[in-house]
Amino acid sequence: MFICLYILNRAICMKLLVILHVICMSLCAQLSFSQTGNDQLAATILADSRLDTIQARALRLLTGFTAGTSYGEVWIRDFNTFINGSLQVHPPEKVKDMLLLFFKMQGPGGDIVDGMIDTAKASGGYKFRYSALAPGWAAHKNTVETDQESSLIQAVKKYIDATGDRSILTIQIDGRSVLQRMETALDYLLRERWSPDYGLITGATTIDWGDVQPETGWGVAINDKTKWAIDIYDNAMFVLALQDLQAMLAPGYKPLKNWKNIENQVRADVRKHLWMKNAQKYLPHLYLNGSPFSPAFNEKEILYTGGTACAILAGFHTREEIAAINRQMVQAAGKEQHATIGITVYPPYPLKEFPNMKPYLYQNAGDWTWFGGRMIQALIKNGFIKEACDELTPMIDRAIANKGFFEWYDVQTGQPKGSGDFRGEAGVLYDVIQLLRQWAMLNK
């Protein structure tokens, strides 16, 4: 009997050893395939001449600072996304001077303007701001949005990262250093654009990262119809700015506030109030004084892509969540013939709900590489290289086919729309290609 048990146990052990051997071989094969896949993907990226074409065209365009051919202004939200390319074609001092202009136009309470324009060209419905510190310039602020302060701080961090020039932080402007002015800008948001009930940044109701209110009329300015709300874009941009500010603080510097605590609080409250865990997407808006939309309209069904991309860049998500988010974006794009993951929202807001912007027009489900490119950046930074390459391809192909960079694209016709030579698109594509090539060089 003992002999039988011994033989039986030995047989079982042998089977277990065989199973373990097969598992190990399988794992080794998977690892080898993964490495080979990386090698092949890296080689493909480095050999892709389209990427050379895009970067060369981008750098030719980034010799200017205005947003595009139909804009006379230098917009901080745009400049923040193409400053890396600008620093490749301009002396650092010229780029620094442009950043300093925004601090010279800073309001007494700390707010930062949207756009800077030559005084001779200042016209239209904007309420312009002037300063003796910036002669020859006029500025204005789209008051429905809450990303100007965050964008400027992010741009300063990019400037320092690219140049190593930290002297910009100590430059005095009307008795205050640039670093102090950046803290004042964030403090403005905590005073004027803050919900104590939710612990999050507020703004007017717009479409995702957009700057137009639903009601007809001059949609970029706060008015008596404004419905205040909380969304992911403003809060993700705020956290990105908090991260950048903390990284710029010198040892021994005493900050105005405990910015790390504020960052942690906003992170927690975004998860608590905006992230819909079961749906794996963000609530479009959390309303503070009522919704501008009809009770029958279910806004939760709309997927916000741009603000979500910024949230991933801000580090709000796990790899599993990023994969789920990306699948939703790809699925949404697949429902329109000419869409990429840059489609602003999906489905679009119906005209009766958003009369200031028709469906598939501009920010209402227009396709913007300006933000789709940021999602590609987020994918690369989180290791989704194959997905990034696949989803970047249609953006690259249409930029080459149209021989330029356009503000947005019609997802129903594929036609380029808005400003031609849009520097925001050129800037994010330049950055995406830089990230891809850095990855490829490490994995070739």
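The paragraphs below set out a description of the structure included in this document. (Residues numbered from 1 in each chain as written. Predicted model: local features only at pLDDT ≥ 70, side-chain atom pairs only at ≥ 80, totals over all residues. Heavy atoms only, no water.)

Helix and strand counts for the chain come out as 13 helices and 16 strands. Taken over the C-alpha trace, the chain has a radius of gyration of 25 Å; the compact-globule value for 444 residues is 22 Å, and the two agree within 12%. Taking the principal axes of the C-alpha coordinates as reference, the chain spans close to 100 × 55 × 50 Å. Scored against the burial criterion, the 444 residues of the chain give a buried share of 55%. Of all intrachain contacts in the chain linking residues separated by at least 6 positions in sequence, the fraction that spans at least 24 positions is 73%. Across the chain, the mean location of the 45 positive side-chain charges is 3 Å away from that of the 45 negative side-chain charges. (Helix = DSSP H or I, 4+ residues; strand = E, 2+ residues; numbered from the N terminus. Rg over C-alpha atoms; globule rule 2.2 N^0.38 Å. Buried < 20%, exposed > 50% of the residue type's maximum accessible area, 1.4 Å probe, protein only. Contact = heavy atoms within 4.5 Å. Lys, Arg positive; Asp, Glu negative; His and termini not counted. Charge placed at Lys NZ, Arg CZ, Asp CG, Glu CD.)

Core analysis: the biggest nonpolar cluster contains 138 residues, and Phe79, Val156 and Met182 have the highest contact counts within it. If one sorts the elements of this core by residue count, helix 7 (residues 232–248) sits on top with 11 residues. Those residues in contact with phenylalanine 79 that sit more than four places away from it in its chain are Phe65, Val74, Ser86, Val95, Met98 and Leu99. (Core = buried A, V, L, I, M, F, W, Y, C linked by side-chain atoms within 4.5 Å.)

Taken as a whole, the largest pocket holds about 770 Å³ of empty space. Residue lining of the largest pocket: 27 residues in total, with Asn84, Lys158, Gln377, Lys381 and Asp431 positioned closest to the centre. If you list the elements that add at least two residues to the lining of the largest pocket, you get helix 3 (76–89), helix 5 (148–163), helix 7, helix 9 (306–313), helix 11 (369–381) and helix 13 (423–443). The element that contributes the greatest number of residues to the lining of the largest pocket is helix 13, accounting for 6 residues. Here the second largest pocket defines a volume of roughly 270 Å³. Surrounding the second largest pocket, 19 residues form its lining, Tyr71, Trp75, Asp211, Tyr362 and Glu407 being those nearest its centre. (1 Å grid on protein atoms, 1.4 Å probe; cavity = no way out; pocket = protein on both sides within 12 Å on 5 of 7 lines; lining within 4 Å. Points joined across faces, edges and corners; volume = space filled by probe spheres on them.)

Let us now look at unusual backbone geometry. Between tyrosine 346 and proline 347 the backbone carries a cis peptide bond, its omega angle lying at -10 degrees. Locating proline 347 in the fold gives a position in the loop between strand 14 (345–346) and helix 11. Phi at aspartate 174 is positive, roughly 55 degrees, even though this residue is not glycine. One non-glycine residue with positive phi stands out, namely aspartate 208, at about 50 degrees.

Turning our eyes to something else, we now look at helix 3. End to end, helix 3 covers 18 Å across 14 residues, agreeing with the expected 20 Å (1.5 Å per residue, within 8%). Its axis deflected by about 60 degrees at phenylalanine 82, helix 3 carries its strongest bend there. With 11 of 14 residues buried, helix 3 lies mostly within the body of the structure. For helix 3, the set of buried residues is Ile76, Arg77, Asp78, Phe79, Asn80, Thr81, Phe82, Ile83, Gly85, Ser86 and Leu87. (Expected span 1.5 Å × (residues − 1). Bend = angle between axes of the 7 residues up to and from the residue.)

What follows concerns the packing of helix 3 against helix 4 (residues 92–104). As a packed pair, helix 3 and helix 4 sit with axes 11 Å apart at the nearest point and diverge in direction by 170 degrees. When the axis of helix 3 is compared with that of helix 4, the two are roughly antiparallel. For the pair formed by helix 3 and helix 4, the contact residues are Ile76, Phe79, Ile83, Ser86 and Leu87 on the first element and Pro92, Val95, Met98, Leu99 and Phe102 on the second. In the contact of helix 3 with helix 4, the residues fall into 9 nonpolar, 1 polar and no charged. (Axes fitted to C-alpha atoms, helices over the stretch in contact; angles between N-to-C directions. Parallel < 35°, antiparallel > 145°, perpendicular 65-115°, else oblique. Nonpolar A, V, L, I, M, F, W, Y, C, P; charged D, E, K, R; others polar.)

A few words now on helix 5. The first and last C-alpha atoms of helix 5 sit 23 Å apart over 16 residues, in line with the 22 Å expected at 1.5 Å per residue. Counting buried residues in helix 5 gives 12 out of 16 residues, a clear majority hidden from the surface. Of all the residues in helix 5, the buried ones are Gln148, Glu149, Ser150, Ser151, Leu152, Ile153, Gln154, Ala155, Val156, Lys157, Tyr159 and Ile160. Contact partners of the buried residues in helix 5: helix 3, helix 4, helix 6 (178–192) and helix 7. The first or second residue beyond helix 5 is glycine 164, which carries a positive phi of 75 degrees.

Before going further, it helps to spend a moment on the sheet that holds strand 12 (residues 286–287). Each strand in a sheet pairs with another by means of backbone hydrogen bonds, the pair being arranged parallel or else antiparallel. Strand order in the open sheet made by the 3 strands is 8-9-12, with antiparallel pairing throughout. Each end of this open sheet is capped by a strand with a single partner; those strands are strand 8 (203–204) and strand 12. With 2 bridges connecting them, strand 8 and strand 9 (residues 228–230) associate as antiparallel partners. By the bridge assignment, glycine 203 is partnered in strand 9 with alanine 229. (Pairing = 2+ DSSP bridges.)

Attention now moves to the environment of phenylalanine 297. Looking at where phenylalanine 297 falls in the secondary structure, it is placed in the loop between strand 12 and strand 13 (303–304). Separated by 56 residues in sequence, phenylalanine 297 and glutamate 353 place their C-alpha atoms 8.0 Å apart.

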